[in-house]
Amino acid sequence: MGLRGLALSLVFGLAAGPALAVDPTGDWTGLLAGHLHADLHLSAKVGGGLAGVLDIPDQGVGDIPLTEVTATATTLTFKAPMGAAFQGAWDPVKSAWVGVVNQGGAALPLSLTRGVAPRPTSTCPPSEPAGQAPRWCDILIWTPAQQQAAYRQMDKSFAVRAVRRGGPASDLPRRARPLDVSFNVNGETWTTDDLLRRGHAVGVLVIKDGAIWMERYGQGETASDRWIAFSVTKSITSTLVGAAIRDGAISSLDARVTDYLPELKGSAYDGVTIGQLISMTSGVYWNENYGDTNADIARYDRGAPGQGGESAILAYMAKLPPAEPPGTKFNYNTGDTTLAGMIVARATKKTLADYLSEKVWSRIGMERDAEWVLAHGSPDEQGGWGLNMTLRDEGRFALFFLNGGLADGQPVLPEGWIADATRNHNPGSPPGPGYGYFWWMRPGGFGAVGVYGQNIYVNPEDHLIVVIQSVWPFTADVLAGDAQTAFLTAVYNATREPQTSK
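Because the structure is a prediction, the values reported are computed rather than measured.

Attention now moves to helix α12 (residues 478–496). Here α12 is 19 residues long and its end C-alpha atoms lie 27 Å apart, about the 27 Å a rise of 1.5 Å per residue gives. If you check which residues of α12 are buried, you get V478, A480, G481, A483, Q484, A486, F487, L488, A490, V491, A494 and T495.

This is the structure in structure tokens:
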């Protein structure tokens with residue numbers, strides 16, 4: 001998952017002057033520089049002025065807040081992140097705002113007409129016929145309607161393997177008075193209902209001191225529905241690496257990737273350690289741009305098996321070039337995570353789903369079997385994004401990790417693993433939040449994050465867990481991301497205040 005967190009405040013104003021030639025509010029669409037769809041939405045703010053966001057669906061980016069928007073009788077201007085600025089004039093013949101975006105000395109033409117930009121076109125091979133379920137190969141461009149249906153039944157679009165639960169389900173006591181919070185998002189007061197509706201969340205769970213303080217669902221989601229975790233899966237995959245080390249199947253984090261995946265000998269992964277792999281400092285080139293159909297993230301599991309019949313993913317990964325010396329630079333790389341999962345499977349001689357069931361899922365009281373998406377045309381699970389689970393079971397996994405990685409009262413992970421996995425192993429480039437073993441550093445704790453709004457936050461000191469499952473229209477959604485951050489802050493503050501009823 002690489003997230004483009006653009007934390008910019010919304011500062012909009014409607015300039016005083018003559019009557020406008022056209023109402024600027026609503027949806028506008030055009031082609032930036034002739035090939036990138038740009039979708040602008042402007043709306044009137046309470047109390048006056050304009051609010052608006054920009055979507056660039058071809059790049060998988062949505063809800064980018066704009067600043068300094070002004071509309072006069074004949075002109076429209078606004079600023080965008082990265083120093084871009086649009087200046088346009090109303091053309092009554094074309095019924096369009098015709099202008100240019102200036103960025104870095106370049107003037108990129110952009111004309112905006114009424115409408116909404118289409119999604120990027122499909123890159124599915126002809127051998128993948130359309131059916132009732134959305135096609136697996138279009139997952140990065142599924143429409144919101146397809147997302148809503150498919151995220152809770154990924155087995156209709158992908159081959160999956162069950163992660164078997166044990167029985168019975170563990171008790172999660174409930175607070176007598178459920179928690180609710182309100183919070184500020186760009187000058188507006190939101191509630192949990194707003195997070196579910198406007199922030200595109202489908203499930204929200206708050207666990208404090210082992211008890212449920214909040215459990216809410218929206219957009220048709222129910223407690224029994226499994227939901228795709230996307231890159232939250234990465235944090236579970238790294239946990240299985242730790243379990244395999246404790247079991248002696250993997251010798252240590254200093255072991256080489258090629259000790260377990262000899263197909264990668266002579267590749268850029270030759271010499272990379274497992275510790276570097278699970279901290280995303282392999283140094284191997286990788287493009288994680290979800291909107292680029294030629295990026296590695298879109299291509300790595302679509303190829304043919306290698307000459308010796310080896311995994312198509314391994315054949316692809318073996319061809320990647322080096323970019324940096326191993327251990328020197330962080331680069332978000334779902335391919336690294338996929339290899340980590342393959343290493344666990346090779347070392348334990350078990351599938352990831354079976355090993356997760358054996359070590360965790362069957363032993364901590366999960367309510368439902370989970371499902372793990374398989375790579376296309378491969379028996380290997382997608383270690384970087386493919387786990388599907390219910391909201392409460394996702395909370396139970398976080399609780400297992402928070403409570404020291406114990407199952408049936410016995411340790412699953414090596415001594416000190418959790419502290420090491422959740423400290424910063426990012427060597428400092430690029431700057432930003434720290435990164436551990438497929439866990440992100442978060443204020444007061446750590447978390448797991450997935451595209452389209454999946455989120456686990458863990459605060460060990462306060463024994464607090466927050467799980468959010470979402471269905472953002474695009475991989476990144478700045479407004480919904482800001483809302484999640486504000487919600488987490490409000491929950492943290494509310495659970496620390498003296499409570500009259502627990």
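Continuing now.
Before going further, it helps to examine the pattern of salt bridges. Under the definition given, this model contains 23 salt bridges. Of the charged contacts in the structure, one is a salt bridge between D194 and R197, with a shortest N-O distance of 2.8 Å. Linking D194 with R197, this pair stays in helix α2 (residues 192–197), spanning 3 residues, or about one helical turn. Of the residues examined, R197 reaches a relative accessible area of 55% and is grouped as exposed. Residue K359 is joined to D247 by a salt bridge in which the shortest nitrogen-to-oxygen separation is 3.1 Å.

Right, let's talk about the packing of helix α3 (residues 232–246) against helix α8 (residues 334–348) for a bit. The interhelical angle for the contact between α3 and α8, taken along N-to-C directions, is 35°, at an axis separation of 10 Å. The crossing of α3 and α8 is left-handed. Where α3 abuts α8, its residues K234, T237, L240, V241 and A244 lie against T334, T337, A340, G341, V344 and T348. A class-by-class count of the residues in the contact of α3 with α8 yields 5 nonpolar, 5 polar and 1 charged.

Moving on, we come to the side chain of N333. Checked against the element boundaries, N333 lands in the loop between α7 (312–317) and α8. A distance of 2.9 Å separates a polar side-chain atom of N333 from the backbone nitrogen of D336. Beyond its immediate stretch of four places on either side in the chain, N333 contacts Y269, M280, S282, V284, W286 and E288.

What counts and how
Residues numbered from 1 in each chain as written. Predicted model: local features only at pLDDT ≥ 70, side-chain atom pairs only at ≥ 80, totals over all residues. Heavy atoms only, no water. Helix = DSSP H or I, 4+ residues; strand = E, 2+ residues; numbered from the N terminus. Expected span 1.5 Å × (residues − 1). Buried < 20%, exposed > 50% of the residue type's maximum accessible area, 1.4 Å probe, protein only. Salt bridge = Lys/Arg side-chain N within 4 Å of Asp/Glu carboxyl O. Axes fitted to C-alpha atoms, helices over the stretch in contact; angles between N-to-C directions. Left-handed = near helix turned anticlockwise from the far one by under 90°. Contact = heavy atoms within 4.5 Å. Nonpolar A, V, L, I, M, F, W, Y, C, P; charged D, E, K, R; others polar. Polar contact = N/O pair within 3.5 Å; in protein donor to acceptor, adjacent residues only side chain to side chain.

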